[in-house]
Amino acid sequence: MRGNIAQLMQQAQKMQEDMQRAQEEVAALEVEGHAGGGMVSVALGGRMDCRRVRIDPAALADPEMAEDLIAAAFNDAVNKINAISQAKMASATAGMPLPPGMKLPF
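So, here's what we can say about the structure. In this text the structure is predicted, and so the values were computed from the model without any measurement.

Here's the deal with the pattern of salt bridges
Evaluated as defined, the whole model comprises eight salt bridges. A salt bridge links R21 to D18; the nearest nitrogen and oxygen atoms lie 2.5 Å apart. Placement of both R21 and D18 in helix α1 (residues 2-27) is noted, with a separation of three residues, approximately one turn of the helix. Overall, the relative accessible area of 44% leaves R21 in the partly exposed class. Under the relative-accessibility criterion, D18 is labelled buried at 15%.

What follows is the structure in structure tokens.
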């Protein structure tokens with residue numbers, strides 16, 4: 001019985017270390033989102049910090065369209081970061097059974 005608890009504690013410690021490493025890797029990422037066939041691109045860091053926005057001057061002719069393209073490019077970058085983050089967290093928690101619907105990090 002005590003061996004099982006010690007083993008479980010070791011698994012939990014390893015998972016915590018793996019999750020921290022995965023979070024650091026995600027934080028160091030830079031991802032670009034694009035919209036309008038590349039007319040607008042937004043670069044986000046892994047912590048969802050905006051690093052760059054590039055807008056083709058042709059997109060500025062229609063301000064409403066430019067606004068939509070910026071939002072779409074931003075959302076594209078956010079979706080990419082979320083997908084990478086989920087994949088890294090899934091590998092960090094591999095082998096550790098989690099209840100259905102439980103998301104990490106908390």
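Here the narrative resumes, following the displayed structure.
So, the sheet that holds strand β1 (residues 30-35)
Spatial ordering of the open sheet is given by β1-β2-β3, a layout of three strands whose pairing is antiparallel. The sheet is open, and its two edges are formed by β1 and β3 (50-55), each paired on a single side. For this sheet, the mean inter-axis angle between neighbouring strands, taken without regard to orientation, is 15°. This element, helix α2 (residues 63-92), spans β1, β2 (40-45) and β3 of the sheet and lies at about 140° to β1.

Some points on the side chain of S41
Tracing the backbone through its elements, the reader meets S41 in strand β2. Here S41 falls in the buried class, since its relative accessible area comes to 7%. Ignoring anything within four residues of it in the chain, the contact list for S41 reads E32, G33, H34, R52, V53, R54 and A73.

Considering the nonpolar core
Within the largest apolar cluster, twelve residues are counted, these being V26, V31, A35, V40, V42, L44, A59, L69, A73, A77, V78 and I81. Contributions of two or more residues to this core are made by β1, β2 and α2. In contact with V31, other than residues within four places in its own chain, are V42, A43, L44, A77, K80, I81 and I84. Among the nonpolar cores identified, the runner-up in size contains five residues, and M15, M19, A22 and M89 belong to it.

The rules we used
- Residues numbered from 1 in each chain as written.
- Predicted model: local features only at pLDDT ≥ 70, side-chain atom pairs only at ≥ 80, totals over all residues.
- Heavy atoms only, no water.
- Salt bridge = Lys/Arg side-chain N within 4 Å of Asp/Glu carboxyl O.
- Helix = DSSP H or I, 4+ residues; strand = E, 2+ residues; numbered from the N terminus.
- Buried < 20%, exposed > 50% of the residue type's maximum accessible area, 1.4 Å probe, protein only.
- Pairing = 2+ DSSP bridges.
- Axes fitted to C-alpha atoms, helices over the stretch in contact; angles between N-to-C directions.
- Contact = heavy atoms within 4.5 Å.
- Core = buried A, V, L, I, M, F, W, Y, C linked by side-chain atoms within 4.5 Å.

The quantities given are spatial measurements derived from coordinates; they are silent on function.
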